[in-house]
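Now for the letters of each chain:
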Amino acid sequence: MKQEPTARCPLCDAPSQTRALKGREYLMKCTRCGIVFNTLHHPLAYNDRYFIEDYRAQYGKTYEEDFDTIYRMSLLRLDTINSVLKHTSAAHSPSLLDIGCALGFFMKAASERGFGVRGVEISPYGARYCREKFSMEVFQGAFDDFSTGNTFDVITAWYFLEHCTDPLRVVERISGMLNAGGIFAFSAPSVFGPQFLFHRGEWADTHPVDHRIDLSPRSVRAFLKRHGFSRVSVRPGGIHPERVMAKESFLYPAFSRLYNGISGLISFSDTMEVYAVK
Ligand SMILES: [Zn+2]
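Residues numbered from 1 in each chain as written. Predicted model: local features only at pLDDT ≥ 70, side-chain atom pairs only at ≥ 80, totals over all residues.

Participant: Would you explain the overall build of the protein in this entry?
Facilitator: When you go through the protein residue by residue, the secondary structure sums to 10 helices and 11 strands. Counting only C-alpha atoms and orienting by the principal axes, one finds that the protein spans roughly 50 × 50 × 40 Å. Taking all 278 residues of the protein together, 41% fall into the buried category. Intrachain contacts of the protein at a sequence separation of at least 6 include 67% that bridge at least 24 residues. (Helix = DSSP H or I, 4+ residues; strand = E, 2+ residues; numbered from the N terminus. Buried ≥ 20, exposed ≤ 12 C-beta atoms within 10 Å, placed from the backbone. Contact = placed C-beta atoms within 7 Å.)

Here it is as structure tokens:
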């Protein structure tokens, strides 16, 4: 497969890049900002299957059956958002827009924490589920087609940005929909982690066709600061020392403690969470 001759970095627009892996000319690493992008990216049909059969094949249960885990993670993310909001001038019941809200589990948690929530969801199954199960206000369609006269205190997008063909335009639109002092919180795959650095063949083999970009803490900080965000905090999305050293090793207990500390400090992880203040 050949790289498209006109490929430019979708985040910083630089024209020069190197192969992320020999033989995978569609996975390119930007020489300016360091992100990896997929020149053969194409969206999937985000239908029932995506949340039921495909999700079960990857995680052993359907998205709906994974409620407890997703809800618990949502509460942790809301704790972080609230700790950042304390230092801004947000209203008493802050408004929150969740882009790619899936079945609405994060919105449910946010609404229980006092946020006024709205969602955007491309899949009819997800949008219908949010409305019928949780009575949530959800726009069913692509974020590109979503428009609103409102602005928000918080905009969240969990594992959404990597799917966007033009992430730069998406972040500019998100910034335009945020109040001053508002927070853009999101998660995304990162190349600053064990999978990309130590198991690159496996990383490429399992790279989803519908993922356009893989970010890094450094690239995301620089990018958001260039686009109107004053403070950017990055955290590891998950900490997995077993991806570097086998659990059976007698050194593993000591190694995993050290790894957990370092990973937390420098966000060394295959995924990351970002909390950016406008
Ligand atoms: Zn770039």
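There is more to say, and it comes next.
Participant: Please clarify how the nonpolar core should be interpreted in this entry.
Facilitator: One broad rule of soluble globular proteins: the nonpolar side chains tend to lie buried together. By size, the foremost hydrophobic cluster in this structure holds 67 residues, and its most contacted members are Ile-155, Ile-183, Phe-184 and Phe-186. It is strand β8 (residues 178-189) that provides the largest number of residues to this core, a total of 6 residues. Setting aside residues no more than four positions away along its own chain, Phe-184 makes contact with Ile-155, Ile-174, Leu-178, Phe-229, Ala-276 and Lys-278. (Core = buried A, V, L, I, M, F, W, Y, C linked by C-beta atoms within 7 Å.)

Participant: I tried to follow the sheet that holds strand β3 (residues 36-38) on my own but got confused; where do I start?
Facilitator: Across a sheet, paired strands are connected by hydrogen bonds in the backbone, their directions being either parallel or antiparallel. With antiparallel pairing, the 4 strands of this open sheet are ordered in space as β1-β2-β3-β9. Because the sheet does not close on itself, it has two edges, and the strands there are β1 (17-19) and β9 (213-214). Pairing analysis gives 3 bridges linking strand β2 (residues 27-30) to β3, with the strands arranged antiparallel. What sits directly across from Met-28, in β3, is Phe-37. (Pairing = 2+ DSSP bridges.)

Participant: What am I meant to see in the pairing of strand β5 (residues 116-121) here?
Facilitator: Residues in a regular strand project their side chains so that they alternate between the two faces of the sheet. Of all 6 residues making up β5, 5 are buried, and the element is well covered by its neighbours. With 5 bridges joining them, strand β4 (residues 95-99) and β5 adopt parallel strand pairing. Paired with Ile-99 across the strands is Val-120, a residue of β5. One ladder, built from 3 bridges, connects β5 with strand β6 (residues 138-140); its direction is parallel. Across the sheet, Val-120 pairs through a bridge with Phe-139, a residue of β6. In this view, the connection linking β5 to its parallel neighbour β6 by way of helix α5 (residues 124-134) has right-handed handedness. (Right-handed = clockwise from strand over helix to strand, strands pointing away.)

Participant: Looking at this model, I keep getting lost on the sheet that holds β8. Mind explaining?
Facilitator: Within the open sheet, the 7 strands sit side by side as β6-β5-β4-β7-β8-β11-β10. Their pairing is mixed. Looking at strand neighbours, the two that pair on one side only are β6 and β10 (231-236), the edges of this open sheet. Adjacent strand axes in the sheet meet at a mean angle of 15°, parallel and antiparallel pairs treated alike. Summarising the sheet, β10 and strand β11 (residues 271-277) pair through 6 bridges and their orientation is antiparallel. Among the inter-strand pairings, Arg-231 is bridged to a residue of β11, identified as Val-277. Strands β4, β5 and β7 (152-158) of the sheet are contacted by helix α4 (residues 105-112), whose axis makes an angle of about 170° with β5. (Axes fitted to C-alpha atoms, helices over the stretch in contact; angles between N-to-C directions.)

Participant: Mind showing me how you'd approach the packing of helix α3 (residues 67-85) against α4 here?
Facilitator: Think of two packed helices as two axes; the pair is described by the angle between the axes and how far apart they sit. Closest axis-to-axis distance for the α3/α4 pair is 9 Å, and the angle between their directions is 50°. Judged by the inter-axis angle, α3 sits oblique to α4. In terms of crossing hand, the pair formed by α3 and α4 is right-handed. Note on element contacts: α4 touches α3 through Phe-105, Phe-106, Ala-109 and Ala-110, opposite Phe-67, Ile-70, Tyr-71, Ser-74, Leu-75 and Leu-78. Grouping the amino acids of the contact of α3 with α4 by side-chain chemistry returns 9 nonpolar, 1 polar and no charged. (Parallel < 35°, antiparallel > 145°, perpendicular 65-115°, else oblique. Left-handed = near helix turned anticlockwise from the far one by under 90°. Nonpolar A, V, L, I, M, F, W, Y, C, P; charged D, E, K, R; others polar.)

Participant: Any chance you could explain α3 here in plain terms?
Facilitator: With 19 residues, α3 should reach 27 Å at 1.5 Å per residue; the first-to-last C-alpha distance of 26 Å fits that figure. Within α3 the residues assigned to the buried category are Ser-74, Arg-77, Leu-78, Ile-81 and Leu-85. Across the axial projection of α3, the buried residues extend over an arc of 110°, all falling on one side. The exposed residues of α3 that point more than 90 degrees off its buried face are Asp-68, Thr-69, Arg-72, Leu-76, Asp-79 and Ser-83. Where the residues of α3 are buried, they touch α4, β7, β8 and β11. (Expected span 1.5 Å × (residues − 1). Arc of directions from axis to C-beta.)

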